Each structure stands twice: as structure tokens, then as C-alpha cells.
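Listed below, chain by chain, are the residues.
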Amino acid sequence: MFKSICELLALGRLQILFVENDLNIRERMQRALGQGFLVECVASITEAKSYLDTSVPDILISEVVVGPENGLDLCRYIRSVPALRSLPIILLTSLATLQDKVAGFRAGTDDYVVKPCEAYHLMARIRLLSRIKRLERHVAMI
Amino acid sequence: MSSKSGMKKVLVIDDNPTIVELIKYAVKLQGMYQVIVAYDGEQGLQRVLTEQPDCVIIDVKMPKMDGNQLVRCLRGDAATANIPLIILSAMTREEDQLTGLLSGADEYLTKPFKPAALNDTIERVLRLTPDDRQRRTDDLSQRD
């Protein structure tokens, strides 16, 4: 039995882990993305790793500069842990140079979105990446 | 950005030099385009940022950054989000084509290709507007 109508409505929605140390951005994205997804926000890489120890979201979205920590380290960590290796990652960052983007993909991100980015566009990219990953899983099973 | 001669600039990114030459020949047949080249995804990204091409033809299986990653990277930055992008790949499965389109390519062509088909496709993507592209993205992202 479902505990509440909210629990019932949450079924089938993608779960997003959003890693960002800027409180304003976190709150804005929680509101915006929360309209279509189940969003859990954390403010540090350390918190993100703790979360991932117990739960695997459908997609992880992270800034690259997370206070003194680095989102690229989080990407490398995820790709090194067998249980997390296939977790889709989107880097959402204000770093926009060629070197930044190359470093992001080398660290293992699936997508790289430069701020500012309308929540509407980010929601579309989340859905597109989710479909791509489902296709990849489907192909891997053939 | 068009070159000084007024010709549209087409960037070809493929790690196979023979294929690059074939594409260059096919595109130049039309006499309307200046062709520049790159041989892997990272070099391709660099050339997009420095050369601001009018259209990019991208292989999928490439060293360093693959074609789908490159397409997503370009679509993820407002500065490059509306460059016409064509994937030209030897990967012919329906899933491969859908992955390319979901990544943000305007068109997906398979190798071997016919020069006329490639040139028709270039003309077609050059006519796309940002609104056309947004509608396509919305449509693809809302299907399940």
C-alpha cells in the first residue's frame, strides 16, 4: 500500500542528485526541477559521496567548483566505483573554456552544460540523457 | 561564420584521413563551401571555438571525445548551441541513429554516403532556425 498520494505520484519520476554549494542556485533548481523530478540537493562533494553510499539516483548533476572541492573528482570517483559506474552525469557549471570542457569529459561526465541555463533547457537535457542511457542499456542487452 | 570569400565554412571531424578526404571532395563538389578539418573530438571542439564554422560534420567513433559527446558539449553552451550539426557515421543501427539525434545532432547520415545526399543535408541543416531546433529538442525529450 502507498503511504500517501505523494508517494503514488512520485512513482516513475526520475530521481536527481543535485550537487551545488550556492544556496540560491540550489533552492532555485530544487523548485524548478522539482516540478518534473524527485530532486535531492547536497552542498558538497563529501555529502554527495555519503548520499551515493546508500542510494543511487537516476541522474547526478554537479557544479565543477563546489566550494574548495572539485566536481571532476566526483566524476572520477563515480566512474571508479562498480555500483555507480553507469550513473549518468551532467556537469552544470560556469566554467566554459575548451580546457574546462575537455577536462569534464575526460573525468567521465556524459553531458556538459554551461551556466546560465534555463531550468526548462536543463529539464529537457535530463530527459534526453535518460533516454540515451536507456538506449545504451537496451543495446548492451542485445 | 562565413569565410572572407563569402563561402560557408564546413568543419569535418573524423579520425580516418581517407574518409576526411572523401568528405572534403564531396562537399567541395558543390563549390559553395570552404572545408576545414579535425581528426578527433577534442581537436574538433577546439576548431569549432576558433573557426566558428557554419556547419559541422561529425563522426561518432573517435579518440579522446566521441561524436555524441561532442554534440552534447556543443549543444550545452549557448555560444555553440545553434551550430548546424550532422553526424556521419558507419554505425547504422536504429539505436545509434536515435542516440545521435537525442544528443542533439540535426541529422544522422550513414557511411557509405552519396555526395548529393550529404550536400542536400548540409543545405537542409543550414536552413534550420533556433526555433526549429528547440521544437525538435522538445519533441524528442517529451517522447518516451
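Residues numbered from 1 in each chain as written. Chains lettered and ligands numbered in written order. Predicted model: local features only at pLDDT ≥ 70, side-chain atom pairs only at ≥ 80, totals over all residues.

Caption draft 1: The arrangement of the sheet that holds strand β1 (residues 15-19) of chain A in detail. All names here are of chain A. The sheet built from 5 strands is open, its strands ordered β2-β1-β3-β6-β7 with parallel pairing. Looking at strand neighbours, the two that pair on one side only are β2 (38-42) and β7 (111-114), the edges of this open sheet. Neighbour to neighbour, the strand axes of the sheet diverge by 20° on average, direction disregarded. As paired elements, β1 and strand β3 (residues 59-62) share 4 bridges and run parallel to each other. Its bridge partner lying in β3, Phe18 is registered against Ile61. In this fold helix α6 (residues 119-141) packs onto β1, β3, β6 (89-93) and β7, with an angle of close to 175° to the strand it touches most, β7. (Pairing = 2+ DSSP bridges. Helix = DSSP H or I, 4+ residues; strand = E, 2+ residues; numbered from the N terminus. Axes fitted to C-alpha atoms, helices over the stretch in contact; angles between N-to-C directions. Contact = placed C-beta atoms within 7 Å.)

Caption draft 2: Highlighting the sheet that holds strand β3 (residues 55-58) of chain B. All names here are of chain B. Strand order across the open sheet formed by 5 strands is β2-β1-β3-β4-β5, with parallel pairing between neighbours. Looking at which strands have only one partner, the edges of the open sheet turn out to be β2 (33-38) and β5 (107-110). Taken pair by pair, the neighbouring strands of this sheet meet at an average axis angle of 20°, ignoring direction. In this structure, β3 lies alongside strand β4 (residues 85-89), joined through 3 bridges in parallel fashion. Looking across to β4, one finds that Ile58 is bridged to Ile87. This element, helix α2 (residues 41-51), spans β1 (8-13), β2 and β3 of the sheet and lies at about 165° to β1.

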